[in-house]
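A structural walkthrough
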Amino acid sequence: MTDKYDMPDENGHFGPYGGIFVAETLMPAITELNDAYQKYLKDPEFIAELDADLQHYVGRPSPLYHAQRWSKELGGAQIYLKREDLNHTGAHKVNNTIGQALLAKRMGKPRIIAETGAGQHGVATATVAARLGLECVVYMGAVDVARQALNVYRMKLLGATVVPVESGSKTLKDALNEALRDWVTNIDDTFYIIGTVAGPRPYPAMVRDFQAIIGREAKQQCLDMTGKLPDALVACVGGGSNAIGLFHPFIDDAEVKMYGVEAAGDGVETGRHSAPLCAGRPGVLHGNRTYLMADDDGEIIETHSISAGLDYPGVGPEHAWLKDIGRAEYVNITDEEALQGFHALTRMEGIIPALESSHAMAYAMKLAPTMDKDQIIIVNLSGRGDKDMHTMAQREGIQI
Amino acid sequence: MSRLADCFQALQESGRKALIPFITAGDPFPEFTVPMLHEMVKAGADVIELGVPFSDPMADGPVIQRASERALEHQVGLRKVLSMVAEFRKTDQKTPLVLMGYLNPIEIMGYQEFANAIQRVDVDGVLTVDLPPEEAHDCVALLKERDIDQIFLLAPNSDAERVKKMDAAGSGYLYYVSLKGVTGAGHLDTDDVEEKLAMIKQNTCLPVGVGFGVKNAETAKTLSKIADGVVVGSALISKIEANLNDPQQAKQEIIELLSSMRQAMDESN
């Protein structure tokens, strides 16, 4: 690429993807949000407050850690982990919720709503709402409420109301539907903090911009530590916010390869997976055009993944674009492989990753041995695994 | 001229307002739908809105969500809905029929194939909840070539500029969503609707139908004094839901509700 990458256009389009596909009642709110985001993005006072919060409240910059023992064992490229698991609340999600909550405050919205899958975004939203004294309602699929009970309790402690969603497949997509229904009903006083790089304009670009600190830091840290850019980036992709956060500052560095890792569940060939970029097709859901898992009638297909955070039938529109132009490659990892990644990192480096991030770890385990020892892979360790102890123990038949 | 334009013109000439019932195709089972459509016409419906079931109906309340779920249990998707329209048209070539639903089924079928297919079965209009005029250009162009109307929604927070945009992009009629919320929510405030409709009418020549929150004959009557059409959906589907073991009873109650609305609306004019 010779031109500087500058997606999306003013209507939120990444090529044919993205856009504004919402019911009419949401249009004024989305326009208001877009205006506020465009204004404050350039406001030095806003940026200063955001930076200070990221430093003192979240604990940024997060370290870039050279996983030497694991790299040696794999016998190929050097693996560096971007430690988003060390952020306050234990995942990358807070980078975005801090930014959107500061916007909500400036826009005078006293009530915050959010959807959540694994509960990480819900916790990160409840956290910033508590800190700013905002009312907070989190929608979560009933299936996810059951498998992520610890995070549900955390949100309640933080003062949020957690609403279990019983419609459809009772997972992340249904939580998003319900949050949209809430927003359309309470449009005047409510700010909807979407947790990923999906949704109508300006969400995909706005969430990306708040998450891009991951890649900006990683780039500088890699240069400082090794004197060069990495050869490859690896990150898991559900909606795709941690991946786009890592990828975006590297898009114009054509020599840096990018791998987005989708959840293959039982295996893409079984149909029981959450890998729209690998095995889906373009369509429209939740306000944007992107790759989706849909049947021939356009009905959304139920997804499967061991990780609640990747259990989503769509993906951020910018990933769809990066796939089509060949700038990023999208691969997939099964539940079983993800578990291997989970155990490998835990035993080799003493770091317990989230099941979502374990998909990225598992792909790094495949990729590293195919590369030279002087090459570098940065893997986004997007969250820590504490929330998944219950799921892991249950899988191994252990009562805790 | 499209069938919708003819219909609204004829209504205007006779001083009547359009009664526009909505049901979800395939709810509670596929064989229920076409006979129900004919009965609704007999009970006084001027235009029919037929819901295309969708797995993720983001703008709908629980009643229409469950209608979609029941229909999808019988695998009623867009193609099956089109075959129902073809069946309906065998004996009714007069009543305008509008497909209402979400964009993804149309996207997956492809705009060109969709436009051809609905022309073939003789659909008159398409109302796509998550397709604002900003994104509708390609779809509208294909429909326009075939004399099929794209119907757009207006919301309580739509301003005059927005109404003008809908007026330019849409045809057939405009659908005013009477409250901020999902289908079937609360009760609408008729004073508020009246004020809003005055502004809307200043900015469009298209007929304006009002829906969301229309539950009984009394509301239909009030609205028919200020709007060109009254849309009733969740209240009808509630009858289906209350009589899942007795579809004949459901049909009877829907006919009664529509007839009472028709009568009340005609009295007021």
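Note that the structure is a prediction, hence the values are computed from the model and not measured. (Residues numbered from 1 in each chain as written. Chains lettered and ligands numbered in written order. Predicted model: local features only at pLDDT ≥ 70, side-chain atom pairs only at ≥ 80, totals over all residues. Heavy atoms only, no water.)

All names here are of chain B. Strand order in the open sheet made by the nine strands is E5-E4-E3-E2-E1-E9-E8-E7-E6, with parallel pairing throughout. Two strands in the sheet have a free side with no partner beyond their single neighbour: strand E5 (149-151) and strand E6 (153-154). Most of the contacts of helix H11 (residues 234-242) go to strand E1 (residues 18-24), to which it runs at about 45°, and overall it touches E1 and strand E9 (229-232). Taken strand by strand, helix H12 (residues 247-267) contacts E1 and E9, and its axis lies near 160° from that of E1. (Pairing = 2+ DSSP bridges. Helix = DSSP H or I, 4+ residues; strand = E, 2+ residues; numbered from the N terminus. Contact = heavy atoms within 4.5 Å. Axes fitted to C-alpha atoms, helices over the stretch in contact; angles between N-to-C directions.)

Below, the discussion takes up helix H8 (residues 160-169) of chain B. Looking at H8 of chain B, one finds that the buried residues are Arg162, Val163, Met166 and Ala169 of chain B. Projected down its long axis, H8 of chain B carries its buried residues within an arc of 135°, all on one side. Opposite its buried face, H8 of chain B presents the exposed residues Glu161 and Ala168 of chain B, each directed more than 90 degrees away. Contact partners of the buried residues in H8 of chain B: helix H1 (27-40) of chain A together with helix H7 (137-145), E6, strand E7 (174-177) and helix H9 (190-202) of chain B. (Buried < 20%, exposed > 50% of the residue type's maximum accessible area, 1.4 Å probe, protein only. Arc of directions from axis to C-beta.)

Once that is clear, we can look at helix H10 (residues 213-226) of chain A. Residues and elements named next belong to chain A. When the terminal C-alpha atoms of H10 are compared, their 20 Å separation across 14 residues agrees well with the 20 Å that a helix rising 1.5 Å per residue should span. Every buried residue belonging to H10 is among Ile213, Ile214, Gly215, Glu217, Ala218, Gln221 and Cys222, and all of these are buried. Positive phi appears at Gly227, one or two residues downstream of H10, with a value of about 80°. (Expected span 1.5 Å × (residues − 1).)

To continue, consider unusual backbone geometry. Between Arg60 of chain A and Pro61 of chain A the backbone carries a cis peptide bond, its omega angle lying at 0°. Take Pro61 of chain A: it is sitting in the loop between helix H2 (44-58) and strand E3 (64-66). In this structure, Pro28 of chain B follows Asp27 of chain B across a cis peptide bond, with omega equal to 0°. Here Pro28 of chain B is to be found in the loop between E1 and helix H2 (30-42). Even without being a glycine, Thr89 of chain A presents a positive backbone phi close to 75°. Examined against the element boundaries, Thr89 of chain A turns out to sit in the loop between strand E4 (78-83) and helix H4 (93-106). Positive phi outside glycine occurs at Asp147 of chain B, with the angle close to 60°. Positionally, Asp147 of chain B belongs in the loop between H7 and E5.

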